[in-house]
Amino acid sequence: MKQNVKDITVVIGHKNPDTDSICSAICYAELKHRIDGREYIPARAGEVNNETAFVLDYFGVKAPRIITNITTQVRDIEIRDTPGVNRTLSIKRAWQMMQERDVVTLPIVDGEGEMEGLITVSDIAHNIMDVYDNRILSRAHTLYSNILDTIDGEMILGEPSVVLDEGKVLIAAANPDLMENYIEKNDIVIVGNRYESQLCAIEMEARCIIVCEGSPVSKTIRKMAQARECYIISTPYDAFTVSSLINQSISIGYFMKDAKKLTMFDDTDYIDEVSDVMKNKRYRDFPIIGGDGKYIGMISRRNLLGAQGKKVILVDHNERNQCVSGIEYADIQEIIDHHRIGALETISPVFFLNRPVGCTATIIYQQYKQYGFDFDRKTAGLLCSAILSDTLMFRSPTCTEIDEAAVRELAPIAGINVEEYADQMFSAAGDLEGKSIDEIFYQDFKRFNAGNVNFGVGQVVSMNRNELLGLKERLLPFMEQAREDLKLDIIYFMLTNVLSEASSIISAGEGASELIYDAFRGSAVSAVPHPEDPELIHLIGVMSRKKQLVPRIITALQDRKS
């Protein structure tokens, strides 16, 4: 049985994850496991950026698994563990297995575990009832071992592993003179205890004689059969019973539905898509294939009934448009965040921890302290890195005394000098060489809405002034296309210089620039054209998207509406 979705909780940050999003997911998953012992899997909703890659490598931590869609998959529901069988299995044994396992379908696999086909109860009933061909055993290449098993026979002479591939099956009901007219070479002849019938069958070059009712076989018959390479099988059943049973020795591979014609699902398929396919199929059971191409089990429509969404804990975000795709199908358990409260509906009440600090990792640091857990070097390093990243080493206006206190405690445990380490981390973040404009734009991009206006804000942080200014010519045409693709009204991109503690804004969309000027009009921070490039809006002292830019944009939009 596959592990059920109920047993696993995914801890995941927002799309286009930053260092806080990924480090918080890793550390909170570890904290939750230490609290209750259950399995919590850290995950990411996008690619790892340069800064985060530096952090993970520095502390020897593997990047969390990537999940771009949280919709329940086949692997998350109960997959019935119906073992696969070999195609040489007899119909009789297949029927018995179905009765014992209370199933109507048997999957047929090869020696490597790959799907070859399947057989159902109706397949067996239909084919057995409609068989009027006395050569079907040879056409089906039936194993003698299957015949022995089906009629409880004993191989007196011959090799059970041999395949019957020629001849027909008949009963020696007539006298020997008449038998000579219908026994052909390689036939299987069902005989009684009459010496003459046994001898006649052997002389006519029958491939095998089946001696009924446990009748003894003389030494003479055995010697003659051996000389003519004729097999001898003894069975306790009478001729009528043998003739009734023998077709059940046919291998199921002869009647199976070939895998190429089957509807099968991968364990990574989403159940809403699976359900749509099932509606148009008359089959009851469907095989499931794993990532290695091997058969792993069966599901039916019943398995989809009441399927629950994946259990999820969201970190570093709480807005619907920043969530991993498929979040509407998920069972959100908790939200740990430090941003404004956005629009996100949940199925039931959740644990929502939202604090006005500079970083989600700071909240998780507080949770470790609350539960009395110590920090190892890895955890201390990840939490410390996230706080330094989100607060821009305490330069961001979102930074609080709590953030700084957390770093003071964590840095010695992590074995880092804060200033030196932060310089390395920010240098890694600002290294844009070799990156496509797509990677730069989406490495830290978030979507927002205010009333009927949908807008997005991206940001890149660097200590290289010339590198930042050089991005505009590449970004502006890309942003125009991205705005259309993402169906946004406005897009902004922040070019944030850590050293000068300022941001330059690139904008796209009707009225986008005017909105920024309106947003900062009358504030302590003035929005002015950049002295070297008037198309850029320069905001001295603005470094935080969350606290300094987005709230003013939303307020300006609300003022316009009123």
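To be clear, the structure that these remarks concern was listed above.
Keep in mind the model is a prediction, meaning the values are calculated, not measured.

Procedures and definitions
- Residues numbered from 1 in each chain as written.
- Predicted model: local features only at pLDDT ≥ 70, side-chain atom pairs only at ≥ 80, totals over all residues.
- Heavy atoms only, no water.
- Helix = DSSP H or I, 4+ residues; strand = E, 2+ residues; numbered from the N terminus.
- Rg over C-alpha atoms; globule rule 2.2 N^0.38 Å.
- Buried < 20%, exposed > 50% of the residue type's maximum accessible area, 1.4 Å probe, protein only.
- Contact = heavy atoms within 4.5 Å.
- Areas by Shrake-Rupley, 256 points an atom, 1.4 Å probe, with all protein chains shown as cover.
- Lys, Arg positive; Asp, Glu negative; His and termini not counted.
- Charge placed at Lys NZ, Arg CZ, Asp CG, Glu CD.
- Pairing = 2+ DSSP bridges.
- Axes fitted to C-alpha atoms, helices over the stretch in contact; angles between N-to-C directions.
- Nonpolar A, V, L, I, M, F, W, Y, C, P; charged D, E, K, R; others polar.
- Disulfide = S-S within 2.5 Å.
- Salt bridge = Lys/Arg side-chain N within 4 Å of Asp/Glu carboxyl O.
- 1 Å grid on protein atoms, 1.4 Å probe; cavity = no way out; pocket = protein on both sides within 12 Å on 5 of 7 lines; lining within 4 Å.
- Points joined across faces, edges and corners; volume = space filled by probe spheres on them.
- Parallel < 35°, antiparallel > 145°, perpendicular 65-115°, else oblique.
- Left-handed = near helix turned anticlockwise from the far one by under 90°.
- Phe/Tyr/Trp six-rings, centres within 6.5 Å; stacked < 30°, edge-to-face > 60°.
- Lys NZ or Arg CZ within 6 Å of the ring centre and 35° of its normal.

Before we move on, can you summarise the overall build of the chain with the specific residues and values?
When helices and strands are tallied, the chain shows 21 helices and 25 strands. The C-alpha atoms of the chain give a radius of gyration of 37 Å, which is well past the 24 Å a tight globule of 562 residues would have. Each principal axis of the C-alpha distribution contributes one length, and for the chain these read about 120 × 50 × 45 Å. Across the 562 residues of the chain, 53% fall into the buried class. In the chain, the proportion of contacts linking residues at least 24 apart, taken out of those at least 6 apart, comes to 62%. Accessible surface, the chain: about 25,600 Å² in total, of which carbon and sulfur atoms supply 47%. One finds the centroid of the 60 positive side-chain charges in the chain at a distance of 3 Å from the centroid of its 82 negative side-chain charges.

Tell me about the pairing of strand 22 (residues 490–497), residues and numbers included.
When you tally the buried positions in strand 22, you get 8 out of 8 residues, the bulk of the element. The alternating pattern of strand 22 places Ile490, Tyr492, Met494 and Thr496 on one face and Ile491, Phe493, Leu495 and Asn497 on the opposite face, and all of these are buried. Note: strand 21 (residues 453–462) against strand 22, 8 bridges, orientation parallel. For glutamine 459, the partnering residue across the bridge sits in strand 22 and is methionine 494. If you look at the hairpin formed by strand 22 and strand 23 (residues 502–508), you'll find 4 residues sitting between the two strands, and glutamate 501 has a positive phi there, around 50°.

Any chance you could break down the sheet that holds strand 4 (residues 105–109) for me, citing the residues and the numbers?
Strand pairing in a sheet takes place through backbone hydrogen bonds and is either antiparallel or parallel in direction. One open sheet accounts for 3 strands, arranged 4-5-13; its pairing is antiparallel. The open sheet has two edge strands with one neighbour each: strand 4 and strand 13 (257–258). Of the strands in this sheet, strand 4 and strand 5 (115–120) touch helix 3 (residues 91–101), which is tilted by about 125° from strand 4.

Summarise the sheet that holds strand 15 (residues 285–289); cite the residues concerned and give the values.
Taken in spatial order, the 3 strands make up an open sheet running 14-15-16, and their pairing is mixed. The sheet is open, and its two edges are formed by strand 14 (265–266) and strand 16 (295–300), each paired on a single side.

Could you give me a rundown of the packing of helix 1 (residues 19–36) against helix 2 (residues 50–58), with the residues and numbers involved?
Taken N-terminus to C-terminus, the directions of helix 1 and helix 2 make an angle of 35°; their axes are 9 Å apart at the nearest point. Where helix 1 approaches helix 2, its residues Thr19, Ile22, Cys23 and Ile26 are matched on the opposing element by Glu51, Thr52, Val55 and Leu56. Along the lines of polarity and charge, the residues of the contact of helix 1 with helix 2 split into 5 nonpolar, 2 polar and 1 charged.

Before we move on, can you summarise unusual backbone geometry with the specific residues and values?
Note on backbone geometry: most residues besides glycine have negative phi, and most peptide bonds are trans. Its identity is not glycine, yet aspartate 316 carries a phi of approximately 65°, on the positive side. Not every positive phi belongs to a glycine, and glutamate 501 is a case in point at roughly 50°. Of note, glutamate 501 is situated in the loop between strand 22 and strand 23.

Talk me through the state of the cysteines; I want residue IDs and the actual numbers.
Here a disulfide denotes a covalent bond joining the sulfur atom of one cysteine to the sulfur atom of another. This model, assessed by the stated rule, comprises 0 disulfides. Cysteine cysteine 23 shares no disulfide, and the gap to the nearest cysteine sulfur, in cysteine 27, comes to 6.3 Å. In this structure cysteine 23 comes out as buried when scored by relative accessible area, which is 0%. Here cysteine 399 stays unpaired: no disulfide links it, and the sulfur of cysteine 359, its closest cysteine neighbor, is 9.7 Å away.

Tell me about the pattern of salt bridges, and name the residues and values.
If you walk through the whole model with that rule in mind, you get 23 salt bridges. Aspartate 76 serves as the salt-bridge partner of lysine 310, at 3.3 Å between the closest nitrogen and oxygen. Remark: aspartate 76 occurs in the loop between strand 3 (65–66) and helix 3 and lysine 310 occurs in the loop between helix 12 (301–304) and strand 17 (311–315); sequence separation between them is 234 residues. On the accessibility criterion, lysine 310 (6% relative accessible area) is buried. Among the ionic pairs, lysine 472 bridges to glutamate 473, the shortest N-O distance being 3.1 Å. According to the relative accessible area criterion, glutamate 473 is exposed, its value standing at 57%. Linked through salt bridges whose partners overlap, the residues forming this network are Arg135, Lys168, Glu184 and Asp187.

Describe the layout of surface pockets, naming the residues involved and giving the relevant values.
Each pocket or cavity is described by its volume, and for the largest pocket that value is around 710 Å³. Along the wall of the largest pocket there are 37 residues; nearest its centre are Asp18, Asp390, Gln459, Arg545 and Lys546. For the lining of the largest pocket, the secondary structure elements donating two or more residues are helix 2, helix 14 (377–390), helix 16 (418–430), strand 20 (445–450), strand 21 and helix 21 (545–561). For the lining of the largest pocket, the residue count by class is 11 nonpolar, 15 polar and 11 charged.

Break down the packing of helix 1 against helix 13 (residues 360–371) for me, with residues and values.
The interhelical angle for the contact between helix 1 and helix 13, taken along N-to-C directions, is 15°, at an axis separation of 9 Å. Relative to helix 13, helix 1 is oriented roughly parallel. Judged by the sense of rotation from one axis to the other, the crossing of helix 1 with helix 13 is left-handed. From helix 1, Asp20, Ser24, Cys27, Tyr28, Glu30, Leu31, Arg34 and Ile35 reach across to helix 13, where they touch Thr360, Ala361, Ile364, Gln367, Tyr368 and Tyr371. Tallied by class, the residues present in the contact of helix 1 with helix 13 amount to 8 nonpolar, 3 polar and 3 charged.

I'd like a description of the pairing of strand 21, backed by residues and values.
Of all 10 residues in strand 21, 9 are buried; the element is thus mostly enclosed. Judged from the 6 bridges that link them, strand 20 and strand 21 form a sheet pairing that is antiparallel. Considered in strand 21, the bridge of phenylalanine 445 is made with glycine 458. Hairpin geometry of strand 20 and strand 21 is characterised by an intervening segment of 2 residues between the two adjacent antiparallel strands and by a positive phi of about 65° at glycine 451.

Before we move on, can you summarise the packing of aromatic side chains with the specific residues and values?
Here the structure, examined in full by the defined rule, presents 19 aromatic pairs. Taking the centre distance of 5.9 Å and the plane angle of 75° together, the rings of tyrosine 442 and phenylalanine 445 count as edge-to-face. Taking the relative accessible area as the measure of exposure, phenylalanine 445 reaches 4% and is therefore buried. Feature note: the residues Phe441, Tyr442, Phe445, Phe478 and Phe493 constitute an aromatic cluster, connected by ring pairs. Above the face of the tyrosine 231 ring, arginine 207 is positioned so that its terminal group lies 4.5 Å from the ring centre.

Remember, this is a structural readout, not a statement about activity or role.
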